[in-house]
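Each chain, written out:
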Amino acid sequence: MTVMDKPATSRETVEEIEQLFDRLWPLPRSITGEGARRTHSILGELVPLQRMEIPSGSPAFDWTVPKEWVVREAYVLAPDRRRILDFAESNLRLVGYSVPFRGRLSREALDAHLHSRPDLPEAIPYVTSYYAPRWGFCLSERERASLAPGEYEVVVDTELVDGALTLSEAVLPGNESDEVLISTYTCHPSLANNELSGPIAAAFLYRRLAAWPERRLTYRFVFAPETIGALSYLALREEHLRKHVVAGYVITCVGLPTRFTYKRSREGNTLADRAAMHVLRHFGTDYELRDFTPTGSDERQYCSPGFNLPVGSLMRGVYGEYPEYHTSLDNKALINFAALQGSIDAYEAVCRVLDRNLAFRNLLPFGEPQLGRRGLYPTLGIANQSERVAPMMWLLNLSDGRHDLLAIAERSGLAVEHLWQAAKAAEDKGVVTRCRVDQAEIPGRL
Amino acid sequence: MTVMDKPATSRETVEEIEQLFDRLWPLPRSITGEGARRTHSILGELVPLQRMEIPSGSPAFDWTVPKEWVVREAYVLAPDRRRILDFAESNLRLVGYSVPFRGRLSREALDAHLHSRPDLPEAIPYVTSYYAPRWGFCLSERERASLAPGEYEVVVDTELVDGALTLSEAVLPGNESDEVLISTYTCHPSLANNELSGPIAAAFLYRRLAAWPERRLTYRFVFAPETIGALSYLALREEHLRKHVVAGYVITCVGLPTRFTYKRSREGNTLADRAAMHVLRHFGTDYELRDFTPTGSDERQYCSPGFNLPVGSLMRGVYGEYPEYHTSLDNKALINFAALQGSIDAYEAVCRVLDRNLAFRNLLPFGEPQLGRRGLYPTLGIANQSERVAPMMWLLNLSDGRHDLLAIAERSGLAVEHLWQAAKAAEDKGVVTRCRVDQAEIPGRL
Amino acid sequence: MTVMDKPATSRETVEEIEQLFDRLWPLPRSITGEGARRTHSILGELVPLQRMEIPSGSPAFDWTVPKEWVVREAYVLAPDRRRILDFAESNLRLVGYSVPFRGRLSREALDAHLHSRPDLPEAIPYVTSYYAPRWGFCLSERERASLAPGEYEVVVDTELVDGALTLSEAVLPGNESDEVLISTYTCHPSLANNELSGPIAAAFLYRRLAAWPERRLTYRFVFAPETIGALSYLALREEHLRKHVVAGYVITCVGLPTRFTYKRSREGNTLADRAAMHVLRHFGTDYELRDFTPTGSDERQYCSPGFNLPVGSLMRGVYGEYPEYHTSLDNKALINFAALQGSIDAYEAVCRVLDRNLAFRNLLPFGEPQLGRRGLYPTLGIANQSERVAPMMWLLNLSDGRHDLLAIAERSGLAVEHLWQAAKAAEDKGVVTRCRVDQAEIPGRL
């Protein structure tokens, strides 16, 4: 018996999820800087993270790690000397990576540096300018309309310094060197679904998998800023990932109480896709499957043609598709913590399917083996027992060196879990033996 | 002109079918024994069967032929000394392969040896225990409820003796050594659809094919007990079957007046599947196609991974799916003999399609041949003659060494019969010549 | 900038189309003869045609070019000496290739030489007998019914002489030797949709493509009688066509105001098919896709198994499927000249897609290139810009040596035009470079 048969004593409570959320929420995250570092420190309380600091100027394929962004303070003094648009009040107020500025501007001149969303008059948008020097402030359309004429004093006390980009990894070793990659990002300031739901889910998923008494596969967790962080990590681990990753997922946007959306990897039917689709098919909730697109999150990097890794993304409330996306309205009120926990459940189920996706060879392939005398088949012949014996029969019929358990599950409609149980029983009796199956040779994959 | 163009003078009457049914019905069939032998003798009046007796203890892959089961008498004396559950009254009364027993038991102790079907209170279930020593009786739920308290006397005068398992084959030779396998079972006692419909259909199918004046293919008929009989036959003919069988069918459950169900072979698109699907598509009746499953009848053995023969099953009233299955209610009243004859018609049509599934090479493949001067195309150009010439045009366009007539039929929607007629005409004029097509290279198969 | 970005100043007016129709309408076309020659001369005013005269008796694969048909006059004198069924009145009156005859016949004897359409009592059918010597006249069912008893005098003053079959080609050279074949026929007498719409569309299409300032591909136009003309052309250009044609279309039946119908080439997913389907998908009008059939027009010859060229047909009012087909009712009143021009638009769009269907290799395939610093991506990060950048992202993700722009379009749902614009921008910045893609290796083609 392995841990997977035990009740999940390692399952976090919803309150633990919410507490972690509340601690991470106010930190002024960006692709570099202290906000990110403090985020990794807090996540490090749950996950034994290996922190890596990538120096500014380091190359990452076609990119260069930018300078580190330091924000001391940033605000505007209105004509009546009221302090408005204060970074200290909300870290969405300042355009990310704003360059230093101090000066007096008319209402009109200031306007060119302001960002709002006419379509969402109450929302403060999230805006960045990582690679082009700019400064700017974000505010709601309503606030913008209420700005009086007159002279404004702008204080952007920031600095771009030689520093580093922060990223972390944690590896849960398994019996085999094949790896499952779990990647999530830590670079947006106070955004809830499109930032915190990802690293929170990844951290608790780590804790659950760590509590499994046995792991066949190795699980690699990566926490890094989006794009430049994923690219920096790929630059560090390129050869290893190419060689070992058999499935991977970008965890992002998993906190809304909507149906699941699975976005396939670039090749569309990789092991990552097959495991996720299997879980969704058997999970009992509504879901949607999508083909890969080269827009989105870090699957863009993992699935770029030079790497083409088997990386998909199981989401719940997809980036760009809910109105609050990338605004101050993507906040705690939007999150359903039970749904977020359901996302962790789904990811754990996906990992369990991957872990149990063994392949076997039927050692008695000429006709059916006589299972009755091995205790693997009812000895009393009565009607309608085919459902009971179906997992064993499918296992034996398709364990021909071309089907892993997922492939048998796909063809039979059965759950990998039930096939795995049949396989263990048959293996105990010497009827099947483990083998390796070339993924590319699996016939009839869905 | 071949026989296929002639009226089917060899077609049996519905009365002949019913008479054969009535003779076979009462015989106490099991996987071995005199009931099976007498069944083969009666079938042997229609089909020149080669009888084979496989001695008890013979190996058949992972199995061993069991001892022969002899039933002298079996019944129970009720507390009032009435004889009940008498094997002489119905051969379903005794659990198949019951071991000898003689003794007195209380109503309660007897109960552990009784089998009924709470969901079908009027039905006596069919129960067997071939490979685990047991004895037992079958009765309706209603009968069970009416058993009085008191002492019962049980007589199971059976014996398991060194004997043999009976199976038979009959081979109708054709011009070619490629074979069509027709397999059916003869091991259930008085069951109608799920026993007798199969061997009866197979026997009359044999008689029809024997009356064809010409056969391109060789047709091999096997009558054997389910599972152990099919395995024993495979053990005997393994190499031959592997080498020669191009299509095969398990005939079972073909007597109900329901739509046809075709269960595909394991590979899903073998010649067997393509011929059966073609017939169903053109037969004008409702039908259903199903993927292979490793539960069912002897396709389980033929399609086990070690053999993986192209064997499907065309049924009408599928095992396990009609309520009377494996009970005393699967009796003559359930059978529609016209429907059973329709099943024989369908199987004959399938064999005809297989027999005519030739492949040709267009000898004039550069543009269309000028068919008009060969009498193969109308010389008067008028509108709307494309339907008339369609079989010839499809034949010529796709006779490229990659399409057999079935493949042309699948792509064009035409009947193999019409393509075959066009091919014969074109062959007569030297426009096409016969060739062989590798089944695996046929493109666009459905 | 190429011509494709310019307004189509070369687009003909609807009046020009109608004028060309009116000039071509009365000519007594057949597969040979002066009617065909005059047709080619008029078309030659728009297209610099290379005329070819193939002598009678020349072989064309399995066929022989027939003698040239000369019609001096043909009519019947009714018992009342009225001249009826006069070829001078309508060139549909005489069965095509009627052999000479002069004589007196009873009403009954004449009847065997008359052709009418009981299902279309007002229509004069179009009838030919190119390869079997016959004479005959065509008339409406109503006319036939009104023929009085008595003696008729028949004059068929025709001659079959050693002459030639007339066909023409015109080649618009491009930067590359890969060719697009445009084939249309010029052999039916006064028929509108099923004759004139084809060569008229082809001629104006030529004029449009000739006005493109740049052509990547070479465009080959063929005007020839159906069947024997296409075969004669194939006989002349066989090796060249095999080597160079990457896509081709038979233009016929493009003048009705119905939805578009695209008939695929024999292989079903050739470059010709992919380009036509792409245009239809993005054209905004209703359309229908059909699989290849070996009945129809000259795709029968181009797609015969010996050539198997990638030739489809985009139609509007398919031969054999509108009631007026091959009768006097297929006349000017049936044609919608705006629809005919829409067909030319569609064919030009297809050619543009083919011309722009380049393939590129991403030179920075490891992750995304940093597009912002190259001016290829917004430097300000705001929400919902993925649609704007989608063509660039798809281009980069799938430019892996296995996808041409059409394949990227098929997978992304984007237009080739937009991908081409992204590719040009990326090529300018050295991010991608042109490459060749083996059509057979394109994955996931629709």
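## Points about the sheet that holds strand β4 (residues 68-77) of chain C
Whenever strands of a sheet pair, they do so through backbone hydrogen bonds, lying parallel or antiparallel.
Stage number 1. What the four strands build is an open sheet, ordered β5-β4-β9-β6 (chain C); its pairing is antiparallel. Two strands bound the open sheet, and with one partner strand each, they are β5 (83-84) and β6 (101-106) of chain C.

## A few points about the interface of chain C and chain A
Stage number 1. With 27 residues of chain C at the contact, the number on the chain A side is 31 residues.
Stage number 2. Across the chain C/chain A interface, buried area totals approximately 2400 Å², and carbon plus sulfur atoms make up 49% of it.
Stage number 3. The tally of links between chain C and chain A comes to five salt bridges.
Stage number 4. A salt bridge links A:Asp62 to C:Arg373; the shortest N-O distance between them is 3.1 Å.

## Here we look at the side chain of B:Arg300
Stage number 1. Here B:Arg300 shows up in helix α8 (residues 299-302).
Stage number 2. Its relative accessible area of 13% is what places B:Arg300 among the buried residues.
Stage number 3. Among the polar contacts made by the side chain of B:Arg300, one reaches the side chain of A:Glu368 at a distance of 2.5 Å.
Stage number 4. Only 3.2 Å separates the side chain of B:Arg300 from the backbone oxygen of B:Gly296, close enough to count as a polar contact.

## What to know about the interface of chain A and chain B
Stage number 1. If you look at the interface, chain A gives 27 residues, while chain B gives 31 residues.
Stage number 2. With both sides pooled, the region where chain A packs onto chain B buries about 2400 Å², and carbon together with sulfur makes up 49% of that total.
Stage number 3. Area buried by chain A at its contact with chain B is led by A:Phe366, A:Glu368 and A:Asn397, which between them contribute 27% of it.
Stage number 4. Applying the counting criterion to the chain A and chain B interface returns five salt bridges.
Stage number 5. A salt bridge links B:Glu267 to A:Arg402; its shortest N-O distance comes to 3.4 Å.
Stage number 6. Put simply, chain A and chain B have 17 residue pairs in polar contact (both at pLDDT 80 or more) between them.
Stage number 7. When residues of the side of chain A that touches chain B are assigned to their parent elements, the largest contribution, seven residues, is made by helix α10 (residues 386-398) of chain A.

## Some remarks on the relation of the copies chain C and chain A
Stage number 1. In screw terms, the move from chain C to chain A is a rotation of 120° and a rise of 0.1 Å along the axis, fitting with an RMSD of 0.1 Å. Interpreted geometrically, this transformation is the action of a three-fold axis.

## Some thoughts on the packing of aromatic side chains
To describe a pair of aromatic rings, you give the distance between the ring centres and the angle between the ring planes.
Stage number 1. Per the counting criterion, the structure on display carries 51 aromatic pairs over all chains.
Stage number 2. Note on B:Tyr130 and B:Tyr131: the rings are 6.1 Å apart at their centroids and 75° apart in plane angle, and the pair reads as edge-to-face.
Stage number 3. Taking 5.9 Å as the distance between ring centres and 85° as the angle between the ring planes, the aromatic pair formed by C:Trp212 and C:Tyr219 counts as edge-to-face.
Stage number 4. A relative accessible area of 0% means that C:Tyr219 is categorised as buried.
Stage number 5. In textbook terms, an aromatic cluster arises when at least three aromatic residues are bridged by ring pairs, as seen for A:Trp63, A:Trp69, A:Tyr97, A:Tyr130 and A:Tyr131.
Stage number 6. Here A:Arg356 stacks its cationic end above the ring of A:Trp420, 3.6 Å away from the centre of that ring.
Stage number 7. One cation-aromatic arrangement involves C:Arg316 over C:Phe260; the distance from NZ or CZ to the ring centre is 4.2 Å.

## Regarding the sheet that holds strand β17 (residues 359-362) of chain B
Residue and element names in this part refer to chain B.
Stage number 1. The three strands lie next to each other as β18-β17-β19, forming an open sheet whose pairing is antiparallel. In this open sheet, the two strands that pair with only one neighbour each are β18 (400-404) and β19 (432-434). Ignoring strand direction, the axes of neighbouring strands in this sheet form an average angle of 35°.
Stage number 2. In terms of strand pairing, β17 meets β19 through three bridges, oriented antiparallel. Within β19, the residue paired with Arg361 across the bridge is Thr433.

## Side note on the pairing of strand β11 (residues 179-185) of chain A
Residue and element names in this part refer to chain A.
Stage number 1. When you tally the buried positions in β11, you get seven out of seven residues, the bulk of the element.
Stage number 2. Going residue by residue along β11, you find Glu179, Leu181, Ser183 and Tyr185 tucked away on one face and Val180, Ile182 and Thr184 tucked away on the opposite face as well.
Stage number 3. In terms of strand pairing, β11 meets strand β12 (residues 218-224) through seven bridges, oriented parallel. Directly across from Tyr185, in β12, lies its bridge partner Ala224.
Stage number 4. Handedness of the crossover is the feature at issue here: the chain leaves β11, passes through helix α5 (residues 192-211), returns alongside β12, and the resulting connection is right-handed.
Stage number 5. When β11 meets strand β13 (residues 245-250), the two strands line up parallel, connected through five bridges. Within β13, the residue paired with Ser183 across the bridge is Val250.

## Digging into the environment of A:Cys187
All names here are of chain A.
Stage number 1. By secondary structure assignment, the location of Cys187 is in the loop between β11 and α5.
Stage number 2. Remark: the alpha-carbon pair of Cys187 and Ile31, spanning 156 residues in sequence, is separated by 4.7 Å.
Stage number 3. Contacts of Cys187, omitting those with residues within four sequence positions, involve Arg29, Ser30, Ile31, Tyr126, Tyr130, Glu195, Pro225 and Glu226.

## Topic: the pattern of salt bridges
All names here are of chain B.
Stage number 1. Applying the stated criterion across every chain, the model contains 162 salt bridges over all chains.
Stage number 2. Residues Arg29 and Glu195 are paired through a salt bridge, measuring 3.4 Å at the closest nitrogen-oxygen approach. You can see Arg29 sitting in the loop between α1 (14-24) and α2 (34-43) and its partner Glu195 sitting in helix α5 (residues 192-211), a full 166 residues away along the chain. With respect to class, Arg29 is no different from Glu195; both count as buried.
Stage number 3. The partner of Arg93 in a salt bridge is Glu89, with the nearest N and O atoms 3.1 Å apart.
Stage number 4. For Arg93, a relative accessible area of 4% gives the class buried.

## Considering the environment of C:Cys253
Residue and element names in this part refer to chain C.
Stage number 1. On the secondary structure map, Cys253 appears in the loop between β13 (245-250) and β14 (260-263).
Stage number 2. Taking relative accessible area as the criterion, Cys253 reaches 0% and is therefore assigned buried.
Stage number 3. With 199 residues separating them in the primary sequence, Cys253 and Ile54 have C-alpha atoms 26 Å apart.
Stage number 4. When neighbours within four sequence positions are excluded, Cys253 is seen to be in contact with Asn193, Asn194, Ser197, Met315, Arg316, Gly317, Val318, Tyr319 and Tyr322.

## Comments concerning the packing of α5(B) against helix α9 (residues 337-356) of chain B
Residues and elements named next belong to chain B.
Stage number 1. At their nearest, the axes of α5 and α9 sit 9 Å apart, and the two run at 50° to each other. The pairing of α5 with α9 is recorded here as oblique in orientation. Considering how the two elements wind past one another, α5 and α9 form a crossing that is right-handed. On α9, the residues that touch Ser197, Ile200, Ala201, Phe204, Leu205, Arg208 and Leu209 of α5 are Leu340, Gln341, Ile344, Asp345, Tyr347, Glu348 and Cys351.
Stage number 2. Residues that form the contact of α5 with α9 fall into these classes: nine nonpolar, two polar and three charged.

The rules behind these values
Residues numbered from 1 in each chain as written. Chains lettered and ligands numbered in written order. Predicted model: local features only at pLDDT ≥ 70, side-chain atom pairs only at ≥ 80, totals over all residues. Heavy atoms only, no water. Pairing = 2+ DSSP bridges. Helix = DSSP H or I, 4+ residues; strand = E, 2+ residues; numbered from the N terminus. Contact = heavy atoms within 4.5 Å. Buried area = accessible area lost by both parts, 1.4 Å probe. Salt bridge = Lys/Arg side-chain N within 4 Å of Asp/Glu carboxyl O. Buried < 20%, exposed > 50% of the residue type's maximum accessible area, 1.4 Å probe, protein only. Polar contact = N/O pair within 3.5 Å; in protein donor to acceptor, adjacent residues only side chain to side chain. Least-squares fit on C-alpha atoms with pLDDT ≥ 70 in both. Phe/Tyr/Trp six-rings, centres within 6.5 Å; stacked < 30°, edge-to-face > 60°. Lys NZ or Arg CZ within 6 Å of the ring centre and 35° of its normal. Axes fitted to C-alpha atoms, helices over the stretch in contact; angles between N-to-C directions. Right-handed = clockwise from strand over helix to strand, strands pointing away. Parallel < 35°, antiparallel > 145°, perpendicular 65-115°, else oblique. Left-handed = near helix turned anticlockwise from the far one by under 90°. Nonpolar A, V, L, I, M, F, W, Y, C, P; charged D, E, K, R; others polar.

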